[in-house]
Amino acid sequence: MGRKSRGFDEHEHQDISNDDDDMHPAAAGMADGVHLLGFSDEILLHILSHVPSTDLILNVRRTCRKLAALCLDKSLIHTVLLQKDYQASEDKVRQLVKEIGREIQQLSMAGCYWLPGSTVEHVARCRSLVKVNLSGCHLTSLRLSKMLSALQHLRSLAIDVSPGFDASQLSSECKATLSRVRELKQTLFTPSYGVVPCCTSLEKLLLYFEILDRTREGAILSGQLMVGQSNVPHYQNLRVFYARLAPGYINQEVVRLYLAVLSDRTPQNLHAFLISVPGSFAESGATKNLLDSMARNVALDALQLPKSWLNGSSLLQHMKFNNPFYFSFSRCTLSGGHLIQQVINGGKDLRSLASLNLSGCVHCLSPDSLLRKAEDDIDSSILETLVASCCNLRHLNLSAAHHHSSEGLGRHLCQLLARLRHLRSLSLPVCSVADSAPRADRAPAQPAMHAVPRGFGKKVRVGVQSCPSPFSGQAGPQPSSVFWSLLKNLPFLEHLELIGSNFSSAMPRNEPAIRNSLPPCSRAQSVGDSEVAAIGQLAFLRHLTLAQLPSVLTGSGLVSIGLQCQQLRSLSLANLGMMGKVVYMPALSDMLKHCKRLRDLRLEQPYFSANAQFFQALSQCPSLQRLCLVSRSGTLQPDAVLAFMARCLHVVMCHLFTGESLATCKSLQQSLLRSFQAERPALNVVIFPLLHEGLTDVIRDVPLVHLDEITLFKSRVAEEPPNLWW
């Protein structure tokens, strides 16, 4: 893909969250009479690389002399990843830094919100650090200054800029370190330039704007608070600029001040320019000058712009691209004609393109953006050109739109996408995988081979057993749906999203909860249990999202997924089947028994009863760490929640938003914290009525790592360029 020279991490398969199997050396024990220590050093080092650093240094290293030596191998201690090591307590982190701090060159403590600033400050002892990620950690200006003053070799830094940050408190030694930093990631919770003015050698700048329009006391903030600063950012060496904004007017005001500097002088080496903005973001004179300058002076290989900057403009026609690897046109009114002519250049070879986000681009597979209606069929020739030109795509997002295929043989969206054999993540609207348009003279029905009675228990199992294993080689009748065929041709898919084109989550983002939802697309009525069962073919599936599938009758397909997708790490289910009644509960309970590696579960369903049966089934997921339940008019049983938390010792996040009273929610939340927080340092519990007016204030206190990754519903396929950071 040619990404090694582009400022992004070339190790595409590196998994910084230790998301592989939690393999502890002691767990291997004896195998066929051969002791673990009989393996070669190379094999042992590979095994040890999956052990959390705190466990590796503080426990495993003390078991025997051989492991003591191997645990200190440079390949294991030069890079230390503490993010999502939820058992990393204050004492463990301090002891870890004390024992190997001098050897650590790369350290990630991203999202370690439970560690106090006094513990994070010990990073200053890691004098050899070249790269450090402290996003989500508690840091004051003075602590940051003290730390950075000691890290003279630092070249890559990620931090939060919180209210109270004062750049004048940074020492001259700290500023000297910052002047050598080439990569900076800032998450802004307050209007500020942060440390950008001190970073005179920046090549990569990532900005995450999470500023709320009002303070906790209700005072209105203004982006103009930044104007008084005498220093301005330095962009002359910049190669990558990325900005992601949370909803809110204040975030747009602040990002304009960052962009104003870019508009004065566009860096000649700029090759990636990405701005992700929810909703509308009006152009200004400065941004127009910036875009004109970019069109004249740079050749990009990664691009994302606010939809209002692209809609109705000829900007893409003038932009120059050089072996692009990431495009995002999310929510733009980009027509298929413009996509082919201005982006793909009439079918130009785009084998370098690895990731493409067309989420919410309702016209991108139709030739004319002005005349298309939601129920109209796509133009398969446009999709065919896209597939042929971008044959090496690894990540593709077509969600939040109606993409309906015609009856023509070999022209269905699923049949064309099946040619993209390199896909690893895919997001599709539910209606796009329907075999054909629903007939007006009959109600939608499931295929006969998957027909399952509306009962529970063993009747659900019958439906699942009728789905042959994709690897069994048996000669029995094979499913013939286009969706089944698509997944059969993408056996290495790791991330799949099927999201209803009209789906919107009830969970708010800086706003009141959504009380009404749009009805599902009529073609989605043809997608049900058999299509869900087809997902069981994906033996390497790690992340699955299913939202707004109205024709899920019993959920029998979920059991198939649980049985066959043994690598599943995160599962998000929303609005399956009928809204007034949760009919798939027995099947879900059966599925969860088989999800031994499941770590994250998000469940959004009106009228859901989080009862003893549900939590008993969930207790059989031994790896579960995070749970989020969103249920308008839903109920929960406090005793069942307490029993579940007592059984599942790894759960550190429990977010329950239901229809229960405020008193019930507060009482349960206090009980959970009182019972489990002492032994689980990272425990984060939020239990609150979904429709309560105070929900916004509660949400603002949720650690961003949880809020962004699981609590808030969103499509995550091709959301950012691959390996944007670390």
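Residues numbered from 1 in each chain as written. Predicted model: local features only at pLDDT ≥ 70, side-chain atom pairs only at ≥ 80, totals over all residues. Heavy atoms only, no water.

With an unreviewed UniProt entry as reference, the chain is termed F-box and leucine rich repeat protein 18, source organism Cercocebus atys.

Trainee: Got a minute to help me understand the overall build of the chain in this structure?
Mentor: Scanning the chain from N- to C-terminus turns up 26 helices and 24 strands. Taking all contacts inside the chain whose residues are at least 6 apart in sequence as the whole, residues at least 24 apart take part in 78%. Element-wise, carbon and sulfur atoms account for 50% of the exposed surface of the chain, whose accessible area totals about 29300 Å². (Helix = DSSP H or I, 4+ residues; strand = E, 2+ residues; numbered from the N terminus. Contact = heavy atoms within 4.5 Å. Areas by Shrake-Rupley, 256 points an atom, 1.4 Å probe, with all protein chains shown as cover.)

Trainee: Looking at this model, I keep getting lost on the confidence of the model for the chain. Mind explaining?
Mentor: Any segment with low pLDDT has predicted coordinates that should not be analysed in fine detail. Looking at the chain as a whole, the pLDDT averages 87, with 87% of positions reaching at least 70. In the model, residues 9-31 has pLDDT below 50 throughout and makes 51 contacts with residues more than four positions away in sequence or in other chains. A low-confidence stretch, residues 439-478 stays under pLDDT 50, and its non-local contacts, those more than four residues away or across chains, total 55 contacts. (pLDDT = per-residue confidence, 0-100.)

Trainee: Help me understand the packing of helix α23 (residues 638-647) against helix α24 (residues 662-676), please; the structure alone is not making it clear to me.
Mentor: For any two helices packed against each other, the geometry comes down to the angle between their axes and how far apart the axes lie. At a minimum axis separation of 11 Å, α23 and α24 run at an interaxial angle of 20°. As judged from the angle between their axes, α23 and α24 are roughly parallel. Our pair here, α23 against α24, has a crossing hand that is right-handed. From α23, P638, V641, L642, M645 and A646 reach across to α24, where they touch T664, L668, S671, L672 and F676. (Axes fitted to C-alpha atoms, helices over the stretch in contact; angles between N-to-C directions. Parallel < 35°, antiparallel > 145°, perpendicular 65-115°, else oblique. Left-handed = near helix turned anticlockwise from the far one by under 90°.)

Trainee: It is not clear to me how the packing of helix α14 (residues 336-343) against helix α15 (residues 380-389) should be interpreted in this structure. Could you clarify?
Mentor: The interhelical angle for the contact between α14 and α15, taken along N-to-C directions, is 30°, at an axis separation of 10 Å. The angle between the axes of α14 and α15 places the two elements in the roughly parallel class. The element α14 and its partner α15 pack so that their crossing is left-handed. On α15, the residues that touch G336, G337 and I340 of α14 are I382, T385 and L386. For the contact of α14 with α15, the per-class residue count stands at three nonpolar, three polar and no charged. (Nonpolar A, V, L, I, M, F, W, Y, C, P; charged D, E, K, R; others polar.)

Trainee: Is there a simple way to think about unusual backbone geometry in this case?
Mentor: If a residue is not glycine, its phi is most likely negative; likewise, a peptide bond is most likely trans. Positive phi outside glycine occurs at Q548, with the angle close to 60°. Along the chain, Q548 falls in strand β17 (residues 543-549). Even without being a glycine, N723 presents a positive backbone phi close to 55°. In this structure, N723 sits in the segment after α26 (704-711). For N723, a relative accessible area of 18% corresponds to the buried category. (Buried < 20%, exposed > 50% of the residue type's maximum accessible area, 1.4 Å probe, protein only.)

Trainee: Before we go on, may I ask you to explain the nonpolar core in this structure?
Mentor: In a soluble, globular protein the nonpolar side chains are often hidden away together inside. Core analysis: the largest hydrophobic core is formed by 197 residues, its most contacted members being M109, F241, F273, F329 and L417. The biggest single contributor to this core is helix α10 (residues 249-264), with seven residues. If we skip the residues at most four places from it in the chain, F241 touches L205, L207, Y235, L259, L262, L270, A272, F273, L274 and I275. By size, the runner-up hydrophobic cluster in this structure holds 15 residues, among which are V686, F688, L695 and I710. (Core = buried A, V, L, I, M, F, W, Y, C linked by side-chain atoms within 4.5 Å.)

Trainee: Help me understand the pairing of β17 in this model?
Mentor: A regular strand places its side chains on the two faces of the sheet in alternate fashion. Within β17, six of the seven residues are buried, which leaves the element mostly enclosed by the surrounding structure. Bridge count between β17 and strand β18 (residues 570-576): six bridges; the pairing is parallel. Each bridged residue has a counterpart across the sheet, and for H543 the counterpart in β18 is S570. In the classification by handedness, the crossover that spans β17, the intervening helix α20 (residues 556-564) and the parallel β18 is right-handed. (Pairing = 2+ DSSP bridges. Right-handed = clockwise from strand over helix to strand, strands pointing away.)

Trainee: Please clarify how the pairing of strand β16 (residues 495-499) should be interpreted in this entry.
Mentor: Within β16, five of the five residues are buried, which leaves the element mostly enclosed by the surrounding structure. Neither face of β16 is left uncovered, since the one carrying H495, E497 and I499 and the one carrying L496 and L498 both have all their residues buried. Where strand β15 (residues 425-429) meets β16, five bridges bridge the pair, whose relative direction is parallel. Each residue of the ladder has a partner; that of L428, found in β16, is L498. As defined by bridge partners, β16 adjoins β17 across five bridges and the pair is classed as parallel. Directly across from H495, in β17, lies its bridge partner H543.

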